[in-house]
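Analysis of the macromolecular model
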Amino acid sequence: RTFNVAVVGATGAVGEAMLEILAERNFPVGELHVLASERSAGREVDFGGRKLPVRDLAGFDPAGVDVALFSAGGSVSRAYAPKFAAAGAVVIDNSSAFRYDEDVPLVVAEVNPEALAERPRGIVANPNCSTMQMMVALAPIHRAVGIERINVATYQSVSGAGRSAMEELGRQTAALLNFQPQEPAKFPVQIAFNLIPHIDEFLDNGFTREEMKMVWETRKILGDPDILVNPTAVRVPVFYGHSEAVHLETREKITAERARELLMSAPGVEVVDEPEAGGYPTPVTHAAGRDPVYVGRIREDLSHPRGLNLWIVADNIRKGAALNAVQLAELVVKAGG
Ligand code: A2P
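Residues numbered from 1 in each chain as written. Predicted model: local features only at pLDDT ≥ 70, side-chain atom pairs only at ≥ 80, totals over all residues.

In the nomenclature of an unreviewed UniProt entry, the chain is known as Aspartate-semialdehyde dehydrogenase of Arenimonas fontis. As stated in UniProt under Catalytic activity (unreviewed entry), the record for the chain gives "L-aspartate 4-semialdehyde + phosphate + NADP(+) = 4-phospho-L-aspartate + NADPH + H(+)". Within the UniProt record for the chain, the comment given under Sequence similarities (unreviewed entry) is "Belongs to the aspartate-semialdehyde dehydrogenase family." (UniProt positions renumbered as here; feature names shortened; annotations may be inferred.)

See below:
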């Protein structure tokens, strides 16, 4: 049997990857509807070598859609996801609109697929990209020895902020190399040749919303409200691939060797950990365009008896967004739609 699929936000960085991954993994697609704003209506996008016309979401009738993958921002999801669900579709939503609602499961395919079964609103939330890759790598350690606290600093690529952000990094880099100063637009300050410790809006507690997503989502995905998370989220001038320096405090001690063994057999993880030049993952050499979550620099913390350090890198558009959404769709259809 095939399933009628809608991709909402199909012209965006994540939407385009959703189409690519649906084709690549031979998802049993019946009809495929590619939807975006009226700005894109009439454009064409590629699906496995076929050209499909983009249609305006606002005028689209969701009747007959089995699975809808949404990645067009929170306000679009809030307005349209319930309509698709009411028409009978299972909605897999990449925005943060529903992630913290109790009756919406928040699922990483390798970590808590069982949570998919309970979806009373017909909506499933796809986690934030930084949380996603961290969960794939940390869930096996949490299961083995328990994690008490996670200290994490992220190094997040510009693709996480969408197509216009990638264009800004490219344009700004070229302009600055030609001694032409450029005004920032998408980012609050210059991103080329710089770093920005500010992603999403500032909240009253002094953290950014991107940082708090890692706190809230980690607890929900691991089903453990006691895990402490202390994040700093930083945007870096990299096009594809988020990196994370993660410092754990575990409940029981775990050696680096045991952690390496656990991670080598963990689903979705690839260990790249040789103490030599290039023996560690980076966005460019490993993650960009690939599916696994790469883990390296696994070592015990010199300053804490139950501390473990890891370096985690993944393609934020693929595992961090589009790939996990398609994996969830696969699990939904395997369970009978
Ligand atoms: P469009 O290209 O027509 O603006 P990105 O995160 O890479 O910027 O992509 C955002 C995606 O969400 C694009 O596909 C964009 O379509 C889509 N989008 C943005 N606003 C709307 C809207 N109001 N209705 C439907 N799609 C939208």
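After that view, the rundown keeps rolling.
Observations regarding the site of the ligand
Around the ligand, 17 residues are found, and the nearest of them are Gly9, Gly12, Ser40, Ala72 and Gly162. Those elements that place two or more of their residues in the shell around the ligand are helix H1 (13-24) and helix H4 (163-177). The residue inventory of the shell around the ligand, partitioned by class, reads 6 nonpolar, 9 polar and 2 charged. In terms of domain composition, the shell around the ligand takes at least three residues from each of domain 1 (3-127 + 321-334) and domain 2 (130-316). (Near = placed C-beta within 6 Å. Helix = DSSP H or I, 4+ residues; strand = E, 2+ residues; numbered from the N terminus. Nonpolar A, V, L, I, M, F, W, Y, C, P; charged D, E, K, R; others polar. Domains from an automatic or database assignment.)

Some thoughts on the sheet that holds strand E7 (residues 123-125)
Strand-to-strand pairing in sheets goes through backbone hydrogen bonds, with the strands running parallel or antiparallel. Ordered by their spatial adjacency, 7 strands build an open sheet running E3-E4-E2-E1-E5-E6-E7, and the pairing between neighbours is mixed. Of all the strands in the sheet, just strand E3 (44-47) and E7 have a single pairing partner and so form its edges. Averaged over all pairs of adjacent strands, the angle between their axes in this sheet comes to 30°, without regard to strand direction. For strand E1 (residues 3-8) and strand E2 (residues 29-36), the ladder comprises 5 bridges, and the chain directions are parallel. Note that in E2 the partner of Phe3 across the bridge is Val29. (Pairing = 2+ DSSP bridges. Axes fitted to C-alpha atoms, helices over the stretch in contact; angles between N-to-C directions.)

Brief notes about the domain arrangement of the chain
The assigned domain composition of the chain is domain 1 (3-127 + 321-334) and domain 2 (130-316). Using C-alpha coordinates to define each centre, domain 1 is positioned 25 Å away from domain 2. Counting from both sides, the interface comprises 14 residues of domain 1 and, opposite them, 18 residues of domain 2. Partitioned by chemical class, the residues of the side of domain 1 that touches domain 2 number 8 nonpolar, 4 polar and 2 charged. (Contact = placed C-beta atoms within 7 Å.)

Concerning the pairing of strand E10 (residues 242-250)
In regular strands, side chains alternate between the two faces of the sheet. Bridging between strand E8 (residues 147-155) and E10 involves 8 bridges; their strand directions are antiparallel. For Ile150, the partnering residue across the bridge sits in E10 and is Leu248. The pairing of E10 with strand E13 (residues 307-314) spans 8 bridges and is classified as antiparallel. Bridge pairing in E13 places Val246 opposite Leu310.

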